[in-house]
Amino acid sequence: MSNQNDHHEPSEKPPGRKEMSRRQFLAYTLGGATAFMAMGPVLPMVRFAVDPILHKKGEGEFIKVVEESKITDEPQEFSFELQQQDGWYASKATLTAWIRKDEQGKIYALSPICKHLGCTVGWNNDKNFPDEYHCPCHGARYNKLGKNLAVAPKPLDTYKLKLQDGWVYLGQVEPNTEVK
Amino acid sequence: MFKSVYNWIDERLDVTPIWRDVADHEVPEHVNPAHHFSAFVYCFGGLTFFITVIQILSGMFLTMYYVPDIINAYNSVEYLQTQVAFGQIVRGMHHWGASLVIVMMFLHTMRVFFTGSYKAPREMNWVVGMLLFFVMLGLGLTGYLLPWDNKAYFATKVTLEIANSVPWLGPIIKEFLQGGTIVGAETLTRFFALHVFFLPAVLLVLMVGHFIMIRRQGISGPL
């Protein structure tokens, strides 16, 4: 506040110690205080902005899709509805799965989302490649197990699957572990 | 580290004179509260600017969640206020800041009036200041509708009736602002556009003019 005692020179400096000038001290103090105060409005806004990535991803529930007895060796397409909450907007999403059983009667459900660029594949929908999943966008092909034969870098994803009271329940989509 | 980065840029772009010109200038004694405490009345303009900055920042963040749609507007506001971390704080800043900026602007206007600072050669700056005041009121009006709750809806109905009472042009102004014959979906998107794009753009241009004139004409002398 007062400029009179600015001319007070320290008579002796301890040797080998770097003194901080008054200007430097004030710069650090004012800078620090300003930064601290700026954090007041800035931190809430940043935390507000990143909130969605800090939300816990909910463990998906299983949804009743089809009776076990309807599943055949040939993959069949079944669709089911998923209640989804998108922020403040609740809606129903329709998902589809290609479900089949093998010789031992074990049931598999494949996701129809192509692993190339995300189009929707179909079973046996290209005459040139019978008994394969084929993607109409860029010609990716998969065999019955979902193993990638052409174009796509990875096998088709599988749904988590649960059998209960003669019904097939499907859950989250996960990477295919049945085929290499 | 910071210093060497700054120097690297400064060597190439010579930015030091620019920010010196903007920020490094002496404050006359009669407007410095450290010398005369009563000089705090000279702070209201700066406070208006400070709150305006907060309004722009918090508003930018609010649009990360808000949608100007009659079905989802209220839900998105409720969601960001109750579900998103610090939502209450960020919307609180915008909500209370909106009132505070009007108060600060009013006090600033009072100071300019009672110190006679509007007199020659500063008449133009008074006029620009008045335009800023009306733009700010426009921002308040258009922002008020956005939460799309009952208060917002009926407050907008009332203000549109006020616009309607303008002689001759009233009904046209009303329908233009309303974007149709009722306060509805088109009013909401229209007010959103005005609130977020048009009025802030005008506000920034006017503010730049306001500040350049202060620098050219200097702060008015002591009473």
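Every value quoted in this text rests on a predicted model; they were computed, and no experiment measured them.

Thresholds, definitions, all that
- Residues numbered from 1 in each chain as written.
- Chains lettered and ligands numbered in written order.
- Predicted model: local features only at pLDDT ≥ 70, side-chain atom pairs only at ≥ 80, totals over all residues.
- Helix = DSSP H or I, 4+ residues; strand = E, 2+ residues; numbered from the N terminus.
- Buried ≥ 20, exposed ≤ 12 C-beta atoms within 10 Å, placed from the backbone.
- Contact = placed C-beta atoms within 7 Å.
- UniProt positions renumbered as here; feature names shortened; annotations may be inferred.
- Axes fitted to C-alpha atoms, helices over the stretch in contact; angles between N-to-C directions.
- Nonpolar A, V, L, I, M, F, W, Y, C, P; charged D, E, K, R; others polar.
- Pairing = 2+ DSSP bridges.

What follows is about the overall build of chain B. Broken down by element type, chain B carries 9 helices and 0 strands. Of the regular secondary structure in chain B, the N- to C-terminal order runs α-α-α-α-α-α-α-α-α. Burial status across chain B gives 24% buried among its 223 residues. Contacts in chain B between residues at least 24 apart in sequence constitute 66% of all its contacts with a sequence separation of at least 6.

Summarizing the sequence annotation, UniProt attributes the feature "domain: Cytochrome b/b6 N-terminal region profile" (unreviewed entry) to residues 5-223 of chain B in the numbering used throughout. Span residues 5-223 of chain B is 70% helix and 0% strand, its end C-alpha atoms 45 Å apart.

Right, let's talk about the packing of helix α4 (residues 73-82) of chain B against helix α5 (residues 87-114) of chain B for a bit. Residues and elements named next belong to chain B. Axis separation between α4 and α5 bottoms out at 6 Å; the angle between their running directions is 115°. For the pair α4 and α5, contact is made by Leu80, Gln81 and Thr82 and by Gly87, Gln88 and Arg91, respectively. Residue composition of the contact of α4 with α5, grouped by class: 1 nonpolar, 4 polar and 1 charged.

Let us now look at the UniProt feature "transmembrane region" (unreviewed entry) in chain B. Within the UniProt annotation, "transmembrane region" (unreviewed entry) is assigned to residues 39-67, 96-114, 126-146 and 192-214 of chain B. Secondary structure across residues 126-146 of chain B comprises 95% helix and 0% strand; the distance between its end C-alpha atoms is 31 Å.

Further remarks concern the sheet that holds strand β5 (residues 122-123) of chain A. All names here are of chain A. The sheet built from 4 strands is open, its strands ordered β5-β6-β7-β8 with antiparallel pairing. The open sheet has two edge strands, β5 and β8 (148-150), and neither has a second partner. In this sheet, strand β7 (residues 141-142) lies alongside strand β6 (residues 133-134) in antiparallel orientation, the contact comprising 2 bridges. Note on β7: the bridge partner recorded for histidine 134 is arginine 141.

In this complex, chain A contributes 11 residues to the contact, which on the side of chain B involves 18 residues. Looking at which element gives the most residues to the side of chain A that touches chain B, the answer is helix α1 (residues 22-54) of chain A, with 7 residues. A class-by-class count of the residues in the side of chain A that touches chain B yields 8 nonpolar, 1 polar and 2 charged.

Turning our attention to the environment of aspartate 126 of chain A. Following the sequence through the fold, aspartate 126 of chain A ends up in the loop between β5 and β6. Distance in space between the C-alpha atoms of aspartate 126 of chain A and phenylalanine 36 of chain A is 65 Å, their sequence separation being 90 residues.

Below, the discussion takes up the pairing of strand β3 (residues 89-101) of chain A. The sheet contact formed by strand β2 (residues 76-86) of chain A and β3 of chain A spans 11 bridges and is antiparallel. Within β3 of chain A, the residue paired with glutamine 76 of chain A across the bridge is isoleucine 99 of chain A.

Under the present numbering, the feature "transmembrane region" (unreviewed entry) in UniProt falls on residues 25-46 of chain A. Its end C-alpha atoms 30 Å apart, residues 25-46 of chain A is made of 100% helix and 0% strand.

Glancing now at the packing of helix α7 (residues 150-164) of chain B against helix α8 (residues 170-178) of chain B. Residues and elements named next belong to chain B. Running from N to C, α7 and α8 cross one another at 145°; their axes reach a closest spacing of 7 Å. Residues Leu160, Ala163 and Asn164 of α7 touch α8, and the partners they reach there are Gly170, Pro171, Ile173, Lys174, Leu177 and Gln178. Here the contact of α7 with α8 is composed, by residue class, of 5 nonpolar, 3 polar and 1 charged.

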